[in-house]
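# Breakdown of the fold
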Amino acid sequence: GSVPVLTVDGPTASGKGTLASELAAKLGYHLLDSGALYRATALAAQDAGISLEDEASLAMMAAQLDLRFDGHRVLLGGRDITDPLRLESTGGMASRVSVHPAVRQALFQLQLSFRRLPGLVADGRDMGTVVFPSAELKVFLTASVEQRASRRLKQLLGKGVAATLDGLLADLRARDERDMLRSVAPCKPAEDAVLLDNSALSIDASVEQVLGWWQARR
Ligand code: C5P
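Residues numbered from 1 in each chain as written. Predicted model: local features only at pLDDT ≥ 70, side-chain atom pairs only at ≥ 80, totals over all residues. Heavy atoms only, no water.

Let us now look at the pairing of strand 1 (residues 5-9). Counting buried positions over the five residues of strand 1 gives five, a clear majority of the element. Side chains Val5, Thr7 and Asp9 project from strand 1 onto one buried face, and the interleaved Leu6 and Val8 project onto a second face that is buried too. Two elements, strand 1 and strand 6 (residues 120-124), share five bridges in a ladder whose sense is parallel. Note that in strand 6 the partner of Val5 across the bridge is Leu120. Note that strand 1 and strand 7 (residues 137-142) share four bridges and pair parallel. Paired with Leu6 across the strands is Leu137, a residue of strand 7. (Buried < 20%, exposed > 50% of the residue type's maximum accessible area, 1.4 Å probe, protein only. Helix = DSSP H or I, 4+ residues; strand = E, 2+ residues; numbered from the N terminus. Pairing = 2+ DSSP bridges.)

Following this line, the structure appears as structure tokens:
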């Protein structure tokens, strides 16, 4: 039999990470945070002094990525990278790394290996379009850039990280543009995706909505 997959795609700071991990917990499924793979590749490249434009070397790094997920911690070559992985600057580097087709190709098999019983919730930009086109349910989150920036600002200030709304707006716009306009695997809804605008929804309400769709399809 095939392993059920539920994909959650959407732009930066749309809340897909939170939604996907809650769904995985509720369903008892595995979780693939595909952005973490691009982020880890960027950190590994930075450590090795590799330029973010050097496609061949970046692809080699990606293919050899020694990444382990240990509960909420993430280990790269045995080193705990949980905190640097989540930095805004790392997200920005990841978005530059992810434009290279050879890097995306190198991470493709690794992403497929997350599809294991009893099921998988995968979040990212191209989960429904490229990596898991046969997923039973594809959700695409939408929320305005202003909405996403103000959520992210609250999160960062809550963690005691200095940030401004204008700075975040500029960062998100630059990342959206790179992620949506790139020629390979741009961030866009699959043809058979369900759109979910979570601007006015709590996390719990979003989770319930998606679980309802999931149950209706199974
Ligand atoms: O989702 P997250 O912010 O962690 O992703 C970081 C960057 O990695 C994104 O801005 C995007 O450029 C890239 N990415 C991607 N494809 C994915 C997941 C992330 O290109 N499936």
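This part is about the site of the ligand. Close contacts around the ligand come from 17 residues, with Arg39, Arg104, Arg125, Asp126 and Asp179 the closest. Bound to the protein, the ligand loses 97% of the 450 Å² it would expose on its own. Of all the secondary structure elements, the ones that give two or more residues to the shell around the ligand are helix 2 (34-48), helix 5 (88-97) and helix 9 (165-181). If you tally residues by element for the shell around the ligand, the top one is helix 2, at four residues. Looking at the shell around the ligand residue by residue, the classes come out as three nonpolar, five polar and nine charged. (Near = heavy atom within 4 Å. Areas by Shrake-Rupley, 256 points an atom, 1.4 Å probe, with all protein chains shown as cover. Nonpolar A, V, L, I, M, F, W, Y, C, P; charged D, E, K, R; others polar.)

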